[in-house]
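# Chain and residue survey
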Amino acid sequence: MASKDKHYYVPTETGRYPRPVTEPGVAMGLPAALTLEEPARVSIRVSDDLPRWDETGRVHDVVLRVRIMNTTEQDRFRFRLNGKDIPDAQMRRINEMYRMSAPRYRTGCGYWFVFRPDRANWPRQGRNELEVHLLERDPGVTPDVYVRDVELEFRYLMGRSFHQMDDPDLGPSEPSGE
């Protein structure tokens, strides 16, 4: 299981239950309020040893996703993982403010900040701390801004230079007709 694809997430209210249910010993880590004065701090534990699997050429993709609610294009943020800034060049911002449909229990009205961090910014094995700093807030927006979701996804190859299932770098596949 060590080099199998993994999806880590911080427990958050989903709307599935009247009162959120977690595993024993696991606290609800989200939502986390954001203010101009105080960053939101979110802890996430990881069991993967990415440097070990990177040495063997097995790490295919490392993705960090952060969803922030009630934000706009004018708001500015800084993201830090384990005390180091994650460069904006490693980020994609996805606006879901006007989404008409979504998977069950995934609400809209937010922005996803999706990072593909380089090796220097990868999460480490054990406890990781994500900090989200609200640097500038659009003065015309009244609802409170908050971090709703934090996810980490690790994808591995079967071996050095192998492909992923449905690897986008290989293009769409069609049945061979054989």
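Look up: the structure comes first, before these words.
First things first, this report covers the structure right here in the doc. None of the values given here were measured: they were computed from a predicted structure.

Parameters at a glance
- Residues numbered from 1 in each chain as written.
- Predicted model: local features only at pLDDT ≥ 70, side-chain atom pairs only at ≥ 80, totals over all residues.
- Heavy atoms only, no water.
- Pairing = 2+ DSSP bridges.
- Helix = DSSP H or I, 4+ residues; strand = E, 2+ residues; numbered from the N terminus.
- Buried < 20%, exposed > 50% of the residue type's maximum accessible area, 1.4 Å probe, protein only.
- Core = buried A, V, L, I, M, F, W, Y, C linked by side-chain atoms within 4.5 Å.
- Polar contact = N/O pair within 3.5 Å; in protein donor to acceptor, adjacent residues only side chain to side chain.
- Contact = heavy atoms within 4.5 Å.
- Phe/Tyr/Trp six-rings, centres within 6.5 Å; stacked < 30°, edge-to-face > 60°.

Sheet architecture is open: 4 strands sit in the order 3-9-5-6, paired in antiparallel fashion. For this open sheet the edge positions go to strand 3 (40–46) and strand 6 (84–85), each flanked by a neighbour on one side alone. Judged from the 7 bridges that link them, strand 3 and strand 9 (residues 126–136) form a sheet pairing that is antiparallel. Among the inter-strand pairings, Val-46 is bridged to a residue of strand 9, identified as Gly-126.

Moving on to the pairing of strand 10 (residues 146–156). Regular strands have side chains that alternate between both faces of the sheet. Among the 11 residues of strand 10, 10 are classified as buried, and the element is accordingly described as predominantly covered. Relative to strand 10, strand 1 (residues 6–9) runs antiparallel, the two being bridged by 4 bridges. Opposite His-7, over in strand 10, you have Glu-153 as the bridge partner. In terms of strand pairing, strand 2 (residues 32–33) meets strand 10 through 2 bridges, oriented antiparallel.

Another point: the nonpolar core. With 33 residues, the main nonpolar core has Val-66, Ile-68 and Val-147 as its most contacted residues. Put simply, the parts of the chain that give this core at least two residues each are strand 3, helix 1 (50–55), strand 4 (59–69), strand 5 (76–81), strand 8 (110–115), strand 9 and strand 10.

At Asn-70, a residue that is not glycine, the phi angle is positive and equals roughly 60°. When you line up the elements, Asn-70 lands in the loop between strand 4 and strand 5. We classify Asn-70 as partly exposed; its relative accessible area is 22%.

By the element assignment, Asn-128 lies in strand 9. One polar contact links Asn-128 to Asn-82, side chain to side chain, over a distance of 2.7 Å.

Mapping Thr-71 onto the fold places it in the loop between strand 4 and strand 5. Within the structure, Thr-71 has its side chain in polar contact with the side chain of Asp-75 (distance 2.7 Å). With residues up to four places along the chain from it excluded, the contact list for Thr-71 reads Phe-77, Met-97, Tyr-111, Arg-137 and Val-145.

Before going further, it helps to examine the packing of aromatic side chains. Scanning the entire structure with this criterion turns up 6 aromatic pairs. Pairing Phe-79 with Phe-113 gives two aromatic rings, centres 5.2 Å apart and planes at 45°, and the pair type is tilted. Of the two residues, Phe-79 is situated in strand 5 and Phe-113 in strand 8; the sequence distance between them amounts to 34 residues. In terms of burial, Phe-79 and Phe-113 fall into one category: buried. Put simply, the rings of Phe-77, Phe-79, Tyr-111, Phe-113 and Phe-115 pair up and form one aromatic cluster.

Its location among the elements puts Cys-109 in the loop between strand 7 (91–95) and strand 8. With a relative accessible area of 42%, Cys-109 lands in the partly exposed category. Sequence separation between Cys-109 and Asn-95 is 14 residues; the distance between their C-alpha atoms is 8.3 Å. What Cys-109 contacts, discounting residues up to four positions off in sequence, is Met-69, Asn-70, Glu-96 and Met-97.

What follows deals with the environment of Leu-50. Tracing the backbone shows Leu-50 in helix 1. The spatial distance from the C-alpha of Leu-50 to the C-alpha of Gln-125 is 7.5 Å, given a sequence separation of 75 residues. The contacts of Leu-50, once residues within four sequence positions are left out, are Val-59, Val-62, Trp-122, Pro-123, Phe-154 and Tyr-156.

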